[in-house]
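# Residue-level structure breakdown
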Amino acid sequence: MTNVTSCPDPHSYRLAEKTCRLASRCDVTIRFMQLSADSDWMAQALNEARSALTLASPNPRVGCIIIGVDGRVSGRGYTQRAGGAHAEVMALRDARESGRAVVGGTAYVTLEPCSHHGRTGPCCDALVQSGVARVVASIPDPNPLVSGQGFGRLRAAGVTAEVGLGARESRELNLGFFSRMVRKIPWVRMKVAASLDGVTALQNGTSQWITSPAARKDGHVWRARACAVLTGIGTVLADNPRLDVREVATDRQPSLVVVDSAMSLPLDASVFIAERPLIIYAAVQNDAKQRALEARGASVVVLPGPGGKVDLAAMLRDLGRREINELHVEAGYKLNGSLVREGLVDELLVYLAPKLIGQGQGMLRWGPLTELSQALALDIKSLDMVGPDVRLVARFTGRDRF
């Protein structure tokens, strides 16, 4: 007698295959919807981070959104002044004060939650204690005191930790912080206001005003976001500027840095008016003048370099140790040229007025070059109209690859 093995109904195979295809499509759809929702919430977290633009220094600009299990915002926040609460703590505080639950929810944060005790406690511990089930972060923290440890502690506590969403935007927002952590120096942005033919002042030094009020106000926006503004003694003696933020509201005044090789800064200069740290870098020692400057509240650092000038590279390293993330340069063509010649400038912020001046002072003095191949390459990051003027942001090629 022959044994006969029964075969499943061919209809059952077709039904199973169809069910698998539907399940696969459904799974893809669910993942796509989750990614779309994640992207939307991270965009909101990045907007929160932008609120810390003039506030968080020297800490990174971080934003956080916490979404409850009901799919609604439970809390939101951004990093406060140094010594104040970080973004995650602010978002948890917002949820608590509003009576909204976070247990089992997801925290979207634009930088890895910190894992060390600095001016505040570890944010990763606060998230664990809150009961959130998932953390989506944009980018690892470059601070060697964190650098992956925040993610590690979250995962060890059973919290799902994902990284990568919004990384480019978060890094751009915190390029100065990344520069200080990785290169140990600030991100250097040089601001120049010029005519269309590149003149920043007449031959007699007159420069006020080449660009429009709208451009000047916009320049104060960029000044406000910096940790420090740098100028040279030539600009101070010629214009007696205050170099503080006045045209826009700001949470704090950036520090002021003056390159003054001979320590010749007048004690009644306008740079002393604003209440902010003032650092003077000199190349020669003058004990009596140093005591007088320090009596006015300035810090004096003597860093002699070649030719009786300040060692500018050493100055940047010192500013990095002083927790300066972004350095905003507003100087004359001589100091501008020295900084560019020594390869110390990362980015140019140029305002061009729709006028021709002809002979006068240029943006910077360096060179001369003997071949066009020696020219420094730039990447144009943005080109916008500000009132009647053009605002150009250009980055020296490769300077942001660290």
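Structure first, text after, so check above.
On a predicted model such as this, the values are computed, not experimentally measured, just so you know. (Residues numbered from 1 in each chain as written. Predicted model: local features only at pLDDT ≥ 70, side-chain atom pairs only at ≥ 80, totals over all residues. Heavy atoms only, no water.)

The computed volume of the largest pocket comes to approximately 1,500 Å³. Every residue lining the largest pocket is counted, 48 residues in all, and those nearest its centre are Thr235, Asp239, Glu330, Ala331 and Gly332. Looking at the lining of the largest pocket, the elements with two or more residues in it are β6 (187-195), α7 (213-225), α8 (233-239) and α11 (333-341). Examining the composition of the lining of the largest pocket, we find that six residues originate from one element, α11, more than from any other. Across the lining of the largest pocket, the residue classes break down as 18 nonpolar, 17 polar and 13 charged. Empty space within the second largest pocket amounts to approximately 460 Å³. Residue lining of the second largest pocket: 19 residues in total, with Glu172, Leu173, Trp222, Arg225 and Arg395 positioned closest to the centre. Mapped onto the lining of the second largest pocket, the elements with two or more residues apiece are α1 (10-50), α5 (167-173), α7, β13 (378-386) and β14 (389-396). (1 Å grid on protein atoms, 1.4 Å probe; cavity = no way out; pocket = protein on both sides within 12 Å on 5 of 7 lines; lining within 4 Å. Points joined across faces, edges and corners; volume = space filled by probe spheres on them. Helix = DSSP H or I, 4+ residues; strand = E, 2+ residues; numbered from the N terminus. Nonpolar A, V, L, I, M, F, W, Y, C, P; charged D, E, K, R; others polar.)

The full count for this structure, using the stated rule, is one cavity of 30 Å³ or more. Taken as a whole, the largest cavity holds about 60 Å³ of empty space. Lining the largest cavity are Ser57, Asn59, Pro60, Arg61, Leu173, Asn174, Gly176, Phe177, Cys227, Asn325 and Glu326. Its residues assigned to classes, the lining of the largest cavity shows four nonpolar, five polar and two charged.

Now for the pattern of salt bridges. A full pass over the atoms with the stated rule returns 22 salt bridges. Between Glu172 and Arg395 there is a salt bridge, with its nearest N and O atoms 3.0 Å apart. Here Arg395 lies in strand β14 and Glu172 lies in helix α5, a separation of 223 residues in the sequence. Since its relative accessible area comes to 30%, Glu172 is described here as partly exposed. A salt bridge links Arg321 to Asp318, with the nearest nitrogen and oxygen atoms 3.7 Å apart. Taken together, the positions of Arg321 and Asp318, both in helix α10 (residues 312-321) and three residues apart, correspond to about one turn of that helix. For Asp318, a relative accessible area of 12% gives the class buried. Salt bridges here are not isolated pairs; linked through shared partners, they connect Arg61, Glu172, Arg189, Arg225, Glu326, Glu347, Arg395 and Asp400. (Salt bridge = Lys/Arg side-chain N within 4 Å of Asp/Glu carboxyl O. Buried < 20%, exposed > 50% of the residue type's maximum accessible area, 1.4 Å probe, protein only.)

Another point: the sheet that holds β13. Read from one edge to the other, the open sheet built from nine strands follows the order β10-β9-β8-β7-β11-β6-β12-β14-β13, with strand pairing classed as mixed. The open sheet has two free edges, formed respectively by β10 (298-302) and β13, since each of these has just one partner strand. Between one strand and the next, the sheet's axes are offset by a mean angle of 20°, whatever the strand orientation. Relative to strand β11 (residues 326-329), β6 runs parallel, the two sharing four bridges. Note on β11: the bridge partner recorded for Arg189 is His328. (Pairing = 2+ DSSP bridges. Axes fitted to C-alpha atoms, helices over the stretch in contact; angles between N-to-C directions.)

Time to look at the pairing of β13. Pairing of β13 with β14, which is carried by eight bridges, proceeds in the antiparallel orientation. Directly across from Ser382, in β14, lies its bridge partner Val393. The antiparallel hairpin formed by β13 and β14 contains two residues in its connecting segment, where Gly387 sits at a positive phi of about 60°.

Membership of the largest hydrophobic core comes to 34 residues, with the highest contact counts inside it found for Leu230, Val257, Tyr281, Met315, Leu319 and Leu339. The set of elements that each furnish at least two residues to this core consists of β6, β7 (228-232), β8 (255-259), β9 (278-282), α10, β11, α11 and β12 (347-353). Looking at which element gives the most residues to this core, the answer is α10, with five residues. Setting aside residues no more than four positions away along its own chain, Tyr281 makes contact with Val257, Val258, Val259, Asp260, Ser261, Val301, Leu303, Val310, Met315, Asp318, Leu319 and Arg322. Grouped together as the second largest cluster of nonpolar side chains are 25 residues, Ala107, Phe177, Phe178 and Met181 included. (Core = buried A, V, L, I, M, F, W, Y, C linked by side-chain atoms within 4.5 Å. Contact = heavy atoms within 4.5 Å.)

So, about helix α2 (residues 87-98). Note that an α-helix has 3.6 residues per turn; residues three or four places apart therefore point the same way. In a regular helix each residue adds 1.5 Å, so twelve residues correspond to 16 Å; α2 covers 16 Å between its end C-alpha atoms and thus fits that length. For α2, the complete set of buried residues consists of Ala87, Glu88, Met90, Ala91, Leu92 and Ala95. Just downstream of α2 lies Gly99, where phi reads positive at about 75°. (Expected span 1.5 Å × (residues − 1).)

Just geometry here; none of it tells us what the structure is for.
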